[in-house]
Amino acid sequence: MSSDNAVLYDTPGPKAKARDRVFNVVFTIFFVGLGAWVLYTAYNRDIFNDRWNVLSNPGKGQSAYDLWVTSILFEGIWGTLKPVIIAIPIALALALVLTILRQSPYWIARVPARVITEIFRGIPVLLIMFFGVLGLNIDPLWAVVLGLVVYNMAVVAEILRAGIAALPSGQREAGLSIGLTPLQTMMRIQLPQAVRIMLPALISQIVVLLKDSSLGFIIGYSDLLKTGKDNYNYFGEPTTVVFILVISVIYIAINMSVSRLATYIEGRMRTKSKAAAGLKVGDKPDGPDGGVTAAGIGANTRTGDSTW
Amino acid sequence: MGVLIDNADLMWRAFTMTLWLSVAAGVLSFVWGVLLAAFRVSPIGPLRKFGSVYVSIFRNTPLTLLFLFLLVAAPPLLGLLVPLGVAMAILAMTLYTSTFVCEVVRSGINSVGVGQAEAARSLGLSFFQVLSQVVLPQAFRSVIPPLINVYIAHVKNTSVAAGFAVFELTASAQRLSNFNASDVVAIFAGIGLLYLVITIPMGLASQRIERKVAIAR
């Protein structure tokens, strides 16, 4: 258990320990019982019959390879990833433009950027996708991309703006004072640091993109959900449960790994800056002549290295 | 423009449906989300485990898949027959949004000063008293802006219900453009505006409260 939580209750004494043990047992029994009951009623509804064979031996002229590789991997997973992969660079580029415009000294650039950000943050992605299909008559794939790009450029622009706001104002001032133009300061000093601070948030946003790409299912784009549906329609009604569970597991696995990546990078950034700080202090006593300065520079370079 | 005025009653119906979905699922997900957050910080291991498993499953499942699950997989698997339409939308959105409420509230709990909980404990308050009388009231203050952001996303997520037989704003945009192919841009602009009528004030409120809370802290 993490130390943040432990503060909410006393370190248990003998009495509390006994009580907690009772609670532990009661709730364990409750949740295990709940799970067992769900499985049991599912069993009574004949869920665990031969319908699961479809995963290893699909029949109906399809091999397991056809099902898993051709259908689920190349149509389903790839169908879900494709719009995300196309949308990410476009959304990032547009977000950069929006971010730069929003920091511009001229209101004629600032205000439209702000309005665009606010509008597209407030409109459902699905509505934009429907507009792509019904209004622009584009292919569902591009409608999905449109929805993802338009929404995420606004969100990423907000994330970057927050990152820039979080920087010490000395960064910008230093940039300007060494003769960089405001745009150069933005591109070379502020944005790189903002991206770094906000990296975990940016990666978490990929999970949102992955989840939102499933909205394509509603506008008729062929993604993982659609593949699942096609499969249970093809292999018959009893396999519905099987395929829904399979695609759920795939979605959860993909999204959880991306979330883990975000957490990992966040943690790594924290330990790295800590390590750099620790080195600075630790090196002071036994450093060579002028050790303080040397260690200080060393620590700074190290932080600099880990930045870019 | 004409098409929007001609269909004002239909759009009003769709607008109120979006509002109703947002509010009903919003209230339920708030209750369930706070409960989950309490589970996740409680001294009882199984509850913590349940909370974290629940959150990691439902957070990482797309809402569309949740709807589809309730529609086609829940009846045979769980014997749970949720009527298609508003009831299913409210259930799916509650299951989904509550995870975000839980995470926001939990981070709020962690942001309350350690001394607050320690002081409360030293007065002899129990876990529930510490949580409900001291920590949560303070946590909610700092949690309101991110919570509003969760609910902005929630309002926009009600659009998924359009794909599952609920006639709300996005479904109305779809239907109107099928009958008025020449006015599609106006229709989507109008419907988009109706969403903004809900979401932009929420965003402004969030910013304003954020500033207020930031100063008070």
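Just so it is clear, the model here is predicted, and its values are computed rather than measured.

Peer 1: So what exactly am I meant to see when it comes to helix 5 (residues 125-135) of chain A here?
Peer 2: Across the 11 residues that make up helix 5 of chain A, a large majority, 11, are buried. Considered for burial, the residues of helix 5 of chain A that qualify are Val125(A), Leu126(A), Leu127(A), Ile128(A), Met129(A), Phe130(A), Phe131(A), Gly132(A), Val133(A), Leu134(A) and Gly135(A).

Peer 1: Can you walk me through unusual backbone geometry in this structure?
Peer 2: It is generally the case that most residues other than glycine have a negative phi and that most peptide bonds are trans. A positive phi angle, close to 55°, is found at Asn137(A), a residue other than glycine. Note on placement: Asn137(A) falls in the loop between helix 5 and helix 6 (140-166). A count of 10 C-beta atoms within 10 Å places Asn137(A) in the exposed class. At Ala165(B), a position not held by glycine, the phi torsion is positive, near 65°. Within the element layout of this structure, Ala165(B) appears in the loop between helix 7 (127-157) and helix 8 (169-179). Owing to 15 C-beta atoms within 10 Å, Ala165(B) belongs among the partly exposed residues under this scheme.

Peer 1: Just checking my understanding: could you explain the interface of chain A and chain B for this structure?
Peer 2: Accessible area lost on assembly of the parts is the figure often given for the size of an interface. Between chain A and chain B, the residue contacts involve 44 residues of the former and 50 residues of the latter. Elements with a contribution of two residues or more to the side of chain A that touches chain B: helix 1 (3-6), helix 2 (14-44), helix 4 (107-122), helix 5 and helix 11 (240-286) of chain A. In terms of residue count, helix 11 of chain A provides more of the side of chain A that touches chain B than any other element does, 10 residues in total. A class-by-class count of the residues in the side of chain A that touches chain B yields 27 nonpolar, 11 polar and 6 charged.

Peer 1: Would you explain the domain arrangement of chain A in this entry?
Peer 2: Domain assignment breaks chain A into domain 1 (3-48) and domain 2 (59-279). Once you take the C-alpha centre of each, domain 1 of chain A and domain 2 of chain A turn out to be 37 Å apart.

Peer 1: Mind showing me how you'd approach the confidence of the model for chain A here?
Peer 2: Reading fine detail from the predicted coordinates is not recommended where pLDDT is low. When pLDDT is averaged along chain A, the result is 82; 86% of the residues meet or exceed 70. Least confident of the elements in chain A is helix 12 (residues 291-307) of chain A, whose mean pLDDT is 33; most confident is helix 5 of chain A, at 94.

Thresholds, definitions, all that
- Residues numbered from 1 in each chain as written.
- Chains lettered and ligands numbered in written order.
- Predicted model: local features only at pLDDT ≥ 70, side-chain atom pairs only at ≥ 80, totals over all residues.
- Buried ≥ 20, exposed ≤ 12 C-beta atoms within 10 Å, placed from the backbone.
- Helix = DSSP H or I, 4+ residues; strand = E, 2+ residues; numbered from the N terminus.
- Contact = placed C-beta atoms within 7 Å.
- Nonpolar A, V, L, I, M, F, W, Y, C, P; charged D, E, K, R; others polar.
- Domains from an automatic or database assignment.
- pLDDT = per-residue confidence, 0-100.

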